[in-house]
Every structure is written in structure tokens, then in C-alpha cells.
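Structural description and commentary
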Amino acid sequence: MKYDFETVHKRFNTGSGKWCEMAKYGVSESDDIIPFSVADMEFVTPPEIVDAIKTQLDTSIMGYENPTPEYLAAVCEWMRVRRNWDAKPEWILPSNGVVDAFFRAVQTYTCEGDGVMIMTPVYHPMYMAVNFNGRKLVSNPLINTGTRYEIDFADMERRASDPNTKMLILCSPHNPVGRVWTRDELTRIGEICLRHDVLVVSDEIHFDLIMPGHVHTVFASISDEFAQNCLVMTAPSKTFNIAGLQTSNIFIPNKSLREKYLASLKLSNPNPKCNILGYVACEAGYKFCGEWLDECLKVIDANRRVITDFMAHEFPAVKVHVLEGTYLLWLDLRGLGLGHKELERVNREEARLFFDEGYVFGEQGECFERWNIACPERYVRGALERMKECYSRHMK
Ligand SMILES: Cc1ncc(COP(=O)(O)O)c(C=O)c1O
């Protein structure tokens, strides 16, 4: 490997929520245990990005900045080369994060009481975007076929055909179930939404984290009709582990939708801006860090294999879902026979395992765990040993 995927910086006293959570359970630096929860990586940032930020710091220019033509060109070039999508710079609205953007989309394009569909279990802030804004949550439950989820298209069509349903928030690739929706599946989603006049908000923040053998299709790239009926939300934050820089790129190909979004932004700030270092990092990532990403994906895929093989041999009752995309492995632990709260307790207090509890993503996630596997393999192996020791005692 050309890059360093072994160094882990302990973040106990840095304000990292997931590290602080472990400290609450008495874990300290000397335990050499890392958290497997919140979706940032336990890898150091690509050196090209660190260098670009240092260069910017050396100029001592930290003033207001708009995205430069070079920045927009780098974003579009990444979309063209890596994501096979011919996006135009004028479609891009930089944003301080994707969550911020899908909350705003709900506020901009729907009214109180309108139905907003999500495909559950799903990334929990999507529920919040609907509920906190007084919209009606329309759940289209995914079908668990064992170690992979499928879309219930008949249910989706039925729910979309309700005239009150105005928006679908699509999670693509899907967090937490790890699906990379195929072109065919996305086409069926897009057609249903067009038939029933449902706007698609496509959160594609994980779109660069695609495992071997799978292909991510940007929703808007499928057809011009789809492009005109969607927002595509992207970011370099998961890709290069720079989530703390809160820089994302929201693509809105449809001019009138774009103008509506801008008008809504201006209601809270007439001159919205992003972070100068975020722009620098994003541009450097898209220009120089393709090789880093390729190596990173290999490390994640190797971790996935280690866990899948381990469970097959040691705990066949634990089902490891196929990881097609993201670095968040979805584990079905219902076979252990523990309730979800007891499972959480056993993991944290006995096994010293700090996952994201599956129930956070909706009740279909009870007794599941979401395991962030973007970390050095030695931590995965350490966790598996603790699991073996502890789960054997609890197996019913
Ligand atoms: C699907 C999804 N969307 C958005 C985010 C967070 O986006 P941001 O940090 O840009 O607000 C995450 C982070 O885990 C995510 O998984």
C-alpha cells in the first residue's frame, strides 16, 4: 500500500461524540479499543488533502470565498470520470452538509402535512427531516430477504399514488443496509415518482464507497426526465474522511427547482457561504486522491471478508448482510436470542463493542448492529475475539 491505513489517532478528548461515548463506559486510551459507530473513518486524512490545507494556511487567507471555476471543474470532472455522470457546474450549490440540504429540501418543496417517503430502515436524520418539519412520514419498508434487502415496489407505487405524497428521500447507496441500488431499481423508482409527481431527493453521500463487483448509478444520470425531477446530494466527506469540514455539493439540474432552493436559502441568510478549507480539501480530494480511495476500498473490503468468514464459522446464527456500498456493515444478531436493549448492554459493558444500534434506524433494525469497518484490520480482529468470548456465554 502506498498510503497509511494503519495509524489511528485516539480522539478521547477531542470532542468526537463516538469516542466520548466509549469513555462514558470506562474505556480509556490504554484499552486500545476504537468505536465502530458514527460514520467517519478511523484512518488519517489523505496526505494530499492535508498538504493542500497547509498550503492554504500558509497564505494566511481565511476570508469569505465562493466556489472558484477550478473548484467546480474539479467536482464535475470527478463526477464524469468516477461516477460516469456529465454534470454541469451551474447545477452545483455548495452546502454545509448533506443533512442540512435534505432538511432544506423538505422545507422548500413540501408543506406542512405533506407526505414524504423514506425507505426504512434508514439513516435516522431522514426521519427527523420529516417529523421535525411537521410533514407526514410515509414509510416504504425494505424487504429483508436474509442477507440483502429488496425494494417493495408495489408498496412504493401505492404510497406514491396518494396525492398527499410529495417527496421521496432516497438513500443511495443505502445506509444502513449497504445496498447499492442497481440501474434497473433506480429506473423503477424514478418512473414511479414521475408517474405520481413525487420529487426525488437523492442522498448519494456514500457514492464513492462502492465494493468490488458493484456499480453506483447517479440517479440524475439515468435520463433527462429524472434529472429534471431530482436533487442529487453529494460530498467528499465520506469519500476522503473529511466530514468535519462540512462541505458538500448539491446538484439541482432543474432551473426552477434550483431557483426555489436558492430563494429558500436566502430566507435564513441572504449570502450563504461555505468554509474556505472545505473547498480546498474537496478540490484536492477530487484532483489528487483517487488512488487513496482505491486503496481505502481494498482495506474496507478486506475487513468485510474477515467479519463475514468469522461469522460463518463461529456464529452462523449471526447474519452479515452483503456489503455492496458504504463502509457500514449491517449485522443481524436476532439469532443470538437477546432483546435489543440487552444486546446493546452486552456489547458495551461486557464485550466493549461500540456499534450503532440498529433500532436507531427504525424498528426493523431491532437486534441489528451497524458496524463502521473503515479502520485498521487489527481492530476488527480484536473486536471479533471479544465477540467470540462474550457471545458464547450468551448464546441461547
Ligand atoms: C446517508 C447519509 N447522509 C448524510 C450524512 C451526513 O451528511 P453531512 O455530514 O454532510 O451532513 C450521512 C452521515 O453518516 C449519511 O450516512
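Residues numbered from 1 in each chain as written. Predicted model: local features only at pLDDT ≥ 70, side-chain atom pairs only at ≥ 80, totals over all residues. Heavy atoms only, no water.

Focus on the site of the ligand
Taken together, Ala39, Gly97, Val98, Val99, Tyr123, Cys171, Asn175, Asp203, Ile205, His206, Lys238 and Gln246 make up the full set of residues near the ligand. Contact distances for the ligand include 2.7 Å between an oxygen atom and a backbone N or O atom of valine 98. Interatomic distance of 2.8 Å between a side-chain N/O atom of histidine 206 and an oxygen atom of the ligand. Taken by itself the ligand offers 400 Å² of open surface, and the protein chains cover 90% of this. Here the ligand occupies the largest pocket. In the shell around the ligand, the residues fall into six nonpolar, four polar and two charged. (Near = heavy atom within 4 Å. Polar contact = N/O pair within 3.5 Å; in protein donor to acceptor, adjacent residues only side chain to side chain. Areas by Shrake-Rupley, 256 points an atom, 1.4 Å probe, with all protein chains shown as cover. 1 Å grid on protein atoms, 1.4 Å probe; cavity = no way out; pocket = protein on both sides within 12 Å on 5 of 7 lines; lining within 4 Å. Sits in = over half its atoms within 2 Å of the grid points. Nonpolar A, V, L, I, M, F, W, Y, C, P; charged D, E, K, R; others polar.)

Remarks on unusual backbone geometry
Working note: non-glycine residues mostly have negative phi, and peptide bonds are mostly trans. In this structure, the amide linkage connecting threonine 120 to the following residue, proline 121, adopts the cis form with an omega of 0 degrees. As for its position among the elements, proline 121 is in the loop between strand S2 (115–118) and helix H5 (125–131). Following serine 172, the chain continues to proline 173 via a peptide bond in cis, the omega torsion being -5 degrees. Along the chain, the position of proline 173 falls in the loop between strand S6 (165–171) and helix H7 (183–195). Here threonine 326, not a glycine, exhibits a phi torsion of approximately 75 degrees, which is positive. Considering the arrangement of structural elements, one finds threonine 326 in the loop between strand S10 (319–320) and strand S11 (328–332). Overall, the relative accessible area of 1% leaves threonine 326 in the buried class. The backbone of cysteine 367 sits at a positive phi, close to 70 degrees, despite the residue not being glycine. By the secondary structure assignment, cysteine 367 is in the loop between strand S12 (356–357) and strand S13 (368–372). Relative accessible area serves as the criterion here: at 12%, cysteine 367 is assigned to the buried category. (Helix = DSSP H or I, 4+ residues; strand = E, 2+ residues; numbered from the N terminus. Buried < 20%, exposed > 50% of the residue type's maximum accessible area, 1.4 Å probe, protein only.)

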